[in-house]
Amino acid sequence: MGVRSPGMSESLWPREHGAYAQLIFPILSGLLPGHPGPAAFAIAAAGIFLFLANEPAAVLLGKRGGRRRRELEPQARQRLGWLLPAGLAAGAFGFLTMPADGRGLVILPAIPVLILLPLIATHREKSIPGELVVAAAMSSLHVPIAYAGGLRHAELWGPAAFWFGLYVVATFAVHWIRVRWARQLKKVGWTLVAVQVVALGLLVLRPGITR
């Protein structure tokens, strides 16, 4: 609904608005309670850069349609060309500046991303398993950021578990609503077809009825 502003369809910003919240909440819950330093901010920046790289990558892979790929390929290549290296460089910097005993946590959000790659290749990233893997990647971003900021124990794992649980519930709720509305719209569609058939029949039979 509403009028699309000029250029909106040509935007290379991520189109899934709910994903912005999925990204920002774990980052803030990792940064705000602790005492973040360079490692924490670098990991947060890596998450943001790689998140923003999603849309130009989707355009180049043709997931937004052939026309958008043809129109936006130069811009998408240019944007992906700096977002991806920036994300990897920020992640590497965060890994190197993280306390040695917590460096393994930097890899934690990367594990779901690696699991997501075959789902993207088979066009299943929008399925329930695909969205749950994305939820795991987003929510686990809290852990290395929080550890770099000095948080431990419940403050380290609790918010990540909370965000993941919340995202899981939201994912199933959205898919349930889609299925329910799809069924309702299907019923409405068949009702409209039936009404049209009856109306057409009455129009055809009207001369005979009025005689």
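Residues numbered from 1 in each chain as written. Predicted model: local features only at pLDDT ≥ 70, side-chain atom pairs only at ≥ 80, totals over all residues. Heavy atoms only, no water.

**Considerations on the nonpolar core**
So, step 1. Counting 34 residues, the largest nonpolar core has Ile27 and Ile145 as the members making the most contacts within it.
So, step 2. Taken together, the elements giving at least two residues each to this core come down to α1 (17-31), α2 (38-52), α3 (54-60), α4 (66-97), α5 (103-106), α7 (128-140), α8 (142-148) and α9 (154-210).
So, step 3. The element contributing the most residues to this core is α2, with six residues.
So, step 4. The residues contacting Ile27, other than those within four sequence positions of it, are Ala44, Ile48, Leu141 and Ile145. (Core = buried A, V, L, I, M, F, W, Y, C linked by side-chain atoms within 4.5 Å. Buried < 20%, exposed > 50% of the residue type's maximum accessible area, 1.4 Å probe, protein only. Helix = DSSP H or I, 4+ residues; strand = E, 2+ residues; numbered from the N terminus. Contact = heavy atoms within 4.5 Å.)

**Side note on the confidence of the model for the protein chain**
So, step 1. Of the residues in the protein chain, 80% reach a pLDDT of 70 or more, and the chain-wide mean stands at 84.
So, step 2. Within the model, pLDDT remains below 50 along residues 1-9, and this stretch shows two contacts once partners closer than five positions in the same chain are excluded. (pLDDT = per-residue confidence, 0-100.)

**Let's talk about the pattern of salt bridges**
So, step 1. Applying the stated rule across the entire model yields five salt bridges.
So, step 2. Residue Arg64 is joined to Glu55 by a salt bridge in which the shortest nitrogen-to-oxygen separation is 2.8 Å. Exposure class is identical for Arg64 and Glu55. Each is buried.
So, step 3. Glu55 is the salt-bridge partner of Arg68, the closest N and O atoms lying 3.5 Å from each other. With a gap of 13 residues between them, Arg68 in helix α4 and Glu55 in helix α3 connect regions that are remote in the sequence.
So, step 4. Linked through salt bridges whose partners overlap, the residues forming this network are Glu55, Arg64 and Arg68. (Salt bridge = Lys/Arg side-chain N within 4 Å of Asp/Glu carboxyl O.)

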